[in-house]
Amino acid sequence: MFLVEYISEKIVRYLLNGSYIPEKLSSVYKYCIDYVLELVTFFLALEVISIFLGNVCIGAIFFLIVVPLRSVCGGIHAPSRWLCTFCSYLCFFVTVFLLWYLQDMPNPFWKILFIIDNLFLYLVPSVTHQNRCFDQMQKRKQKRLRFIFLTIEILFFIVSSILQIKFYYEMITLCVTIVVINMLLSIAVTYFKGGYSFDF
């Protein structure tokens, strides 16, 4: 994380010195560059871990499903970046453990769980948060993005089921389940604080 912050500061400083960006937008650029670099770092770390686990697809599937869905569906927010990073890796290792632990579950189990997860994500609105407030136009955009991401992962699930590639549809299902659990935790926390609303 320190390396990411150092690199993003260097990039922003270069852009400022070259008059490529205005001074007043430097913090915005730094945040965006930080975010992109953290995503790249997270993806590469997952791939390295996946190589040691013997299947490079584990990290790729987790990243390509959890990150987009988490961004449009919302979820619980960690109080610090360090804790957020720790929780992200914890979710990955929990997913890998469940993939191993539940590997003997029959096919209907995965299909039923997948349907329940997706119905939840289609029907339940995103979680409101002090750092996640949208106007009506932004809410409509989030809805469209959510529909697109869910449709893509459903298509992947259907194709892997037709081809009988058990590992892929199990991993996809668990990744979607992680998003649902994250969202449920956030709803619970926000509700008890008196802030959850179903008006998305």
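Quick note: structure is the one above.
Residues numbered from 1 in each chain as written. Predicted model: local features only at pLDDT ≥ 70, side-chain atom pairs only at ≥ 80, totals over all residues. Heavy atoms only, no water.

Peer 1: Explain the layout of surface pockets here, please?
Peer 2: Here the second largest pocket defines a volume of roughly 270 Å³. Ile61, Leu64, Ile65, Ile152 and Phe156 are the residues nearest the centre of the second largest pocket, which is lined by 14 residues in total. Counting residues per element, the ones that place at least two in the lining of the second largest pocket are α3 (57–73), α6 (136–162) and α7 (166–192). By residue number, the principal contributor to the lining of the second largest pocket is α3, which donates seven residues. (1 Å grid on protein atoms, 1.4 Å probe; cavity = no way out; pocket = protein on both sides within 12 Å on 5 of 7 lines; lining within 4 Å. Points joined across faces, edges and corners; volume = space filled by probe spheres on them. Helix = DSSP H or I, 4+ residues; strand = E, 2+ residues; numbered from the N terminus.)

Peer 1: Help me out: how do you make sense of the pattern of salt bridges in this one?
Peer 2: This model, assessed by the stated rule, comprises two salt bridges. Across the salt bridge formed by lysine 30 and aspartate 34, the nearest N and O atoms sit 2.9 Å from each other. You can see lysine 30 and its partner aspartate 34 sitting in helix α2 (residues 26–53), four residues apart, about one turn around the helix. Judged by relative accessible area, aspartate 34 falls into the buried class, the value being 7%. (Salt bridge = Lys/Arg side-chain N within 4 Å of Asp/Glu carboxyl O. Buried < 20%, exposed > 50% of the residue type's maximum accessible area, 1.4 Å probe, protein only.)

Peer 1: Looking at this model, I keep getting lost on the packing of helix α4 (residues 81–101) against α7. Mind explaining?
Peer 2: Two quantities define a packed helix pair, namely the angle between the helix axes and the distance between the axes. Orientation of α4 relative to α7, taken along the N-to-C sense of each, is 135°, at an axis distance of 10 Å. In this view, α4 runs oblique relative to α7, as classed from their interaxial angle. As α4 packs across α7, the resulting crossing turns out to be right-handed. Along the contact surface, α4 presents Cys91, Val94, Thr95, Leu98 and Leu99, while α7 presents Phe167, Glu170, Met171, Leu174, Cys175 and Ile178. Its residues assigned to classes, the contact of α4 with α7 comprises nine nonpolar, one polar and one charged. (Axes fitted to C-alpha atoms, helices over the stretch in contact; angles between N-to-C directions. Parallel < 35°, antiparallel > 145°, perpendicular 65-115°, else oblique. Left-handed = near helix turned anticlockwise from the far one by under 90°. Contact = heavy atoms within 4.5 Å. Nonpolar A, V, L, I, M, F, W, Y, C, P; charged D, E, K, R; others polar.)

Peer 1: Would you take a moment to explain the packing of aromatic side chains for this structure?
Peer 2: What characterises a pair of aromatic rings is the spacing of the ring centres plus the angle enclosed by the ring planes. Here the structure, examined in full by the defined rule, presents 14 aromatic pairs. For the pair phenylalanine 97 and tryptophan 100, a centre-to-centre distance of 5.8 Å together with 45° between the ring planes defines the contact as tilted. Taken together, the residues span about one helical turn, with phenylalanine 97 and tryptophan 100 both in helix α4 at a distance of three residues. Clustering of aromatic rings is evident, with ring pairs tying together Phe42, Phe43, Phe62, Phe63, Tyr89, Phe92 and Phe93. (Phe/Tyr/Trp six-rings, centres within 6.5 Å; stacked < 30°, edge-to-face > 60°.)

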